[in-house]
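# Fold and geometry: a report
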Amino acid sequence: MKKLFLGAALLTAAISFVVTTSLADAPEKNFPLDKCPAEASHSLSIRSYNVKGLPWPIASDRDAAAENIASQLADLRRAGCQPHVVAVQEAFSSAAKNIGQNSGYRYVAWGPRQSDLGAPATRKEDRRFVSDARFLKGETLGKYADSGLAIFSDFPILRVTRVPFPSFACAGYDCLANKGVLAVALDVPGHERPLVVINTHLNSRKAARVSGQRSLFAFKRQVDTLAQVVGGLPRSAGLIVAGDFNVGRALNRSSYLRDHVFAPDHFLVAASEEDDGNGERRLGNPAPASAPTLLRTKSLLVFSPQIDPIGEPRLFGQMGNGRMLSDHIGITRQFLIRRSGEAPVLRDPL
C-alpha cells in the first residue's frame, strides 16, 4: 500500500511540473536543415541532444518523436554524414534508449543506473541541505529513473566511467532521476590514444519547482562531481564535454561552472544551445568558456586544447514541416584530432 501511495505521489508530482505536449503542439521554427559537413581527414563529428524521452503519461507522443529522431539519424547515415558520436540526455523511455540502435550505431554506453548509489552527505552544509528536503517536491521519494544519459558511437568504446551525483545533490523534481556523469574512451581510427567524451545533465532551475537558492546548491555540488571526473581523466588525445548544463540566465551558475570545470584546463565552447528567455532556442556562437559566454546556455559542446573544431556548428531536431522533435535543439560540431607531434590548427582567437 505504501509503495502504491509513493508511486501515485510520484506521478502526481511529475505531471505537475512537466507540461504534456505532443508533436502537433510543438512550435514551428525556422532552423536550417542539418547538412553534411565538408569531409576532412582524421575528423569526427559529435552531437549533444536532449531528446526529452519522457514516458507517457508525463508527456505524450514522445515515442513517435524518438522514432523520428532515429529515422533522421539513419537518413544522415545513408547519406554518409551522420555524427560519429551522439550524446543524449533524458533518454528515459525504451523508444529513446533505442535511438542509437535504430539509427545504426554499433556501440552504446549508458549513464548511471537507477540503483547506482551516489556519495552520502558528510559535510555540515550538505546535511543541513538534506534536512530541508521536501516530500511534495519529490526530494525524498528516492530514484524512480536512471540518469537518462547515453552515448551512441560509430567507434569502439574502450572504457566506460559512470558516476552518479551525490545522493543528496539534487533539488526538486530532478531528484526523481539518478543524474550523474557518463564518460567514455573511444578508439578513433588512425589514433593511438583514445578520445574521451563526457556526457552529463545538471539540475534544472525553474522546472525543479524549488527556490533558486536550493537548486543552485544542488547545481554546485553536481558541478563539483563533474570537475572531479574531468580532472581525473586523461586528455592526451583530447577531451570533449557534452550535455544539458541548465545554466540559463543565472550568472552564479555560469561563473561556478567556468571556475570549477572549464577554466582550469582552458576549455573552449565549440557549440551551444541558448535560451533567449522567451522559450525560443537558438544556436550560440563558438567562444571561450567564460561566465558571460555560458549565460543563457542549455546544451553545450566544450573541448580541451588538444583538439580543434572545424567548420561551423550545426543544428538538429526539426521535422520537415518545421515542427520540433524536442523542447531542445541538437547541437553538432566537427573536430580535427591531432596526431602525436602535430601543431594545432591556426584559427582566429575565440
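Up top is the structure these notes are about.
Now for a look at the structure at hand. (Residues numbered from 1 in each chain as written. Predicted model: local features only at pLDDT ≥ 70, side-chain atom pairs only at ≥ 80, totals over all residues. Heavy atoms only, no water.)

## Some remarks on the state of the cysteines
Cysteine pairs can be covalently joined through their sulfur atoms, and such a bond is termed a disulfide. As a reminder, the rule being used: A pair of sulfur atoms, both from cysteines and within 2.5 Å, is called a disulfide here. Throughout, exposure labels follow a simple rule: accessible area from a 1.4 Å probe, protein chains only, divided by the maximum for the residue type, with under 20% read as buried, over 50% as exposed, and the rest as partly exposed.
Applying the stated criterion across every chain, the model contains one disulfide. Covalently, Cys170 is tied to Cys175 through a disulfide, its sulfur atoms 2.1 Å apart. Residues Cys170 and Cys175 are joined through a disulfide that is right-handed, its torsion about the S-S bond being 105°. Pair check on accessibility: Cys170 and Cys175 agree, each one buried.

## Quick word on the packing of aromatic side chains
Operational definition: For Phe, Tyr and Trp, rings pair up if their centres lie within 6.5 Å, where Trp contributes its six-membered ring, and each pair is then called stacked (planes under 30 degrees apart), edge-to-face (over 60) or tilted (otherwise). Helix and strand assignments follow DSSP, with helices taken as H or I runs no shorter than four residues and strands as E runs no shorter than two, numbered in order from the N terminus. For a ring to carry a charge above it, either NZ of a lysine or CZ of an arginine must fall within 6 Å of the ring centroid while also lying within 35 degrees of the normal to the ring plane.
Across all of its chains, the model carries seven aromatic pairs by this definition. Aromatic side chains Phe129 and Phe217 sit 4.5 Å apart centroid to centroid with 20° between the ring planes, which places their arrangement in the stacked category. Within this pair, whereas Phe129 is found in helix H5 (residues 124–131), its partner Phe217 is found in helix H6 (residues 212–232), the two being separated by 88 residues in sequence. Accessibility expressed as a relative area gives 7% for Phe129, which makes it buried. In this structure Phe217 comes out as partly exposed when scored by relative accessible area, which is 21%. An aromatic cluster is defined as three or more aromatic residues linked by ring pairs; in this entry it consists of Tyr105, Trp110 and Phe152. Stacked on the ring of Phe129, the Lys or Arg Arg214 has its end atom at 3.9 Å from the ring centre.

## Notes on the environment of Pro288
Mapping Pro288 onto the fold places it in strand E11 (residues 287–288). Residue classification places Pro288 among the partly exposed residues on the basis of a relative accessible area of 29%. Note: C-alpha distance between Pro288 and Val269 (19 residues apart in sequence) is 5.8 Å.

## Let's talk about the packing of H5 against H6
Where we set the bar: For every element, the axis is a line fit to its C-alpha atoms; helices are fit only across the contacting stretch, and the angle between N-to-C directions ranges from 0 to 180 degrees. In these notes the angle categories are as follows: under 35 degrees is roughly parallel, over 145 is roughly antiparallel, 65 to 115 is roughly perpendicular, and the rest is oblique. The hand of a helix crossing depends on one turn: near helix anticlockwise from the far one by less than a right angle means left-handed, and clockwise means right-handed. Contacts are assigned to residue pairs with any non-hydrogen atoms lying within 4.5 Å of each other. Three residue categories are used. Nonpolar comprises Ala, Val, Leu, Ile, Met, Phe, Trp, Tyr, Cys and Pro, charged comprises Asp, Glu, Lys and Arg, and polar comprises the others, including Gly.
Relative orientation of the contacting elements H5 and H6 amounts to 135°, with a least axis distance of 12 Å. Considering their axes alone, H5 and H6 lie oblique with respect to each other. As for how H5 packs across H6, the hand of that crossing is left-handed. Across from Glu125, Asp126 and Phe129 in H5, the residues of H6 making contact are Arg214, Phe217, Ala218 and Arg221. Residues of the contact of H5 with H6, tallied by class, amount to three nonpolar, no polar and four charged.

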